[in-house]
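# Topology and contacts: notes
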Amino acid sequence: MRPVVIAHRGARSLAPENTLAAARKAFELGADLWETDVGVSKDGFLILMHDDSLARTTDAPARYPGAEPWTFTEFELEKLRALDAGSWFHETDPFGEVAAGHVREDYRGERIPTVREALLLTKELGWRVNLELKRQPPPMAGFPILERTLELVREVGLGPEAVVFSSFDLELMRRGRRLAPEFRYQAVLGFHRDRPIDWDAARDFDELNPRAALAPPERVRELAQAGKRVYPWTVNDPEEALRYFEAGAAGVFTDYPQRIVPLLR
Ligand code: G3P
Ligand code: MG
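These lines cover the structure that appears in this document, whether it is placed above or below. Within any chain, residue numbers begin from 1 and follow the written order of that chain's sequence. Chain letters start at A and ligand numbers start at 1, both assigned in the order the entries are written. Selection of residues for local features in this predicted model requires a pLDDT of at least 70, selection of side-chain atom pairs for listing and counting requires 80 or more, and totals for whole chains, interfaces and linings are taken over all residues. With hydrogens and water set aside, each side-chain value is computed from the structure's full complement of heavy atoms.

## Quick notes on the nonpolar core
- Among buried residues, the Ala, Val, Leu, Ile, Met, Phe, Trp, Tyr and Cys ones that are joined through side-chain atoms within 4.5 Å form a nonpolar core. Relative accessible area decides the class of each residue, using a 1.4 Å probe on protein chains only: under 20% of the type maximum gives buried, over 50% gives exposed, and in between gives partly exposed. Core analysis: the biggest nonpolar cluster contains 58 residues, and Leu119, Val163 and Phe165 have the highest contact counts within it.
- In DSSP terms, a helix is any run of H or I states spanning at least four residues, a strand is any run of E spanning at least two, and both are numbered starting from the N terminus. Among the elements that line this core, the one with the most residues is helix H6 (residues 145-156), at six residues.
- Any two residues whose heavy atoms approach within 4.5 Å are treated as being in contact. Other than its neighbours up to four places away in sequence, Val163 contacts Leu119, Val129, Leu131, Val153, Leu158 and Phe183.
- In terms of nonpolar packing, the next biggest core, distinct from the first, is built from 13 residues, Trp70, Phe72, Leu77 and Ala85 among them.

Laid out in structure tokens, this is it:
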């Protein structure tokens, strides 16, 4: 089977990560699916957010100056929705693609999406999404994020052909297998960049998403030969992607679908 290209947080080199614009951009570029990070607001609404703090990817510091360190779980949805989640991309140009002239769109005023919106967009496009369930910072650490996300996925009417779940929290993924066995659950591995991956801890998973720097192609080859589907993150260099594909990786997560998609055409 042809490996898949997964747009990491959307096409985040060309649009602000974890926004609907980044998802649409990844779709336009022909990515097979997009990956996004699931968080929860203080009042229990599921949203897309990667960092614990809103400071890097929104204007929260300017808008709510007294709320340092701007942990997203300390904000109600209404306050999160008032934020600008796009201007930072033009201001900081995180991948240098604005300066390179590769970004023609204006993303100022982009909003933090709800997971519902993300699912509806995925459905509208007839596309697929990898929902990475994050550990939630206080005060929402105990929030039933898996159960609520599953509820929402079903409510929107998406099934296992369109949604796959992943998490660093392997226990959460095992719970998913029990609660909703029709879906796929992937083990994200390599949380600490300087610690070797404990592969044994994930031996009951068929699908593994390891940090690429801790999972060289030789290792991926062994795992693939043992029947695992392996999706390293984050692979931005086309030559490196080709080495992984040649080794039998089932796909890669990339910030640059515009570079990796053409390799598979
Ligand atoms: O799911 C793969 C990858 O997204 C995990 O790392 O920190 O980018 O969410 P992170
Ligand atoms: Mg992620």
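There is more to say, and it comes next.
## A closer look at the coordination of the magnesium ion (ligand 2)
- Glu35 (OE), Asp37 (OD) and Glu132 (OE) make up the full set of protein donors to the magnesium ion (ligand 2), lying at 1.9 to 2.1 Å.
- Sites may look incomplete because water is not among the atoms; the donors themselves are N, O and S atoms within 2.8 Å of the metal, or within 3.2 Å for Na, K and Ca. Donor residues for the magnesium ion (ligand 2) sit on one chain with the sequence pattern E-x1-D-x94-E.

## A look at the pairing of strand E1 (residues 4-8)
- Within E1, five of the five residues are buried, leaving the element largely enclosed by the surrounding structure.
- Both faces of E1 are covered, namely the face carrying Val4, Ile6 and His8 and the face carrying Val5 and Ala7.
- Relative to strand E9 (residues 251-254), E1 runs parallel, the two being bridged by four bridges. Considered in E9, the bridge of Val5 is made with Val252.
- At least two DSSP bridges between two strands are required for those strands to pair. As paired elements, E1 and strand E2 (residues 33-40) share three bridges and run parallel to each other. Counterpart to His8 in the pairing with E2 is Glu35.
- Handedness of the β-α-β unit built from E1, helix H1 (residues 20-28) and E2 comes out right-handed. Place the viewer so that the strands point away; then a crossover is right-handed whenever the path from the first strand over the helix to the second strand goes clockwise.

## Remarks on the site of ligand 1
- The near set for a molecule or strand comprises every residue that places at least one heavy atom within 4 Å of it. The environment of ligand 1 is made up of His8, Arg9, Glu35, Asp37, His50, Glu132, Lys134, Val188 and Trp233.
- Each polar contact in these results corresponds to two N or O atoms within 3.5 Å; when the atoms are within protein, one needs to be able to donate a hydrogen and the other to accept it, and residues that are neighboring in sequence are counted only if both atoms are side-chain atoms. Separating an oxygen atom of ligand 1 from a side-chain N or O atom of His50 is a distance of 2.6 Å.
- Here the open area of atoms and residues is found with the Shrake-Rupley method and a 1.4 Å probe, where only the protein chains shown may cover a residue. Protein chains shield 92% of the accessible area of ligand 1, which is 290 Å² for the free molecule.
- Looking at the shell around ligand 1 residue by residue, the class counts come to two nonpolar, two polar and five charged. In this classification, the charged set is Asp, Glu, Lys and Arg, the nonpolar set is Ala, Val, Leu, Ile, Met, Phe, Trp, Tyr, Cys and Pro, and all remaining amino acids, among them Gly, are polar.

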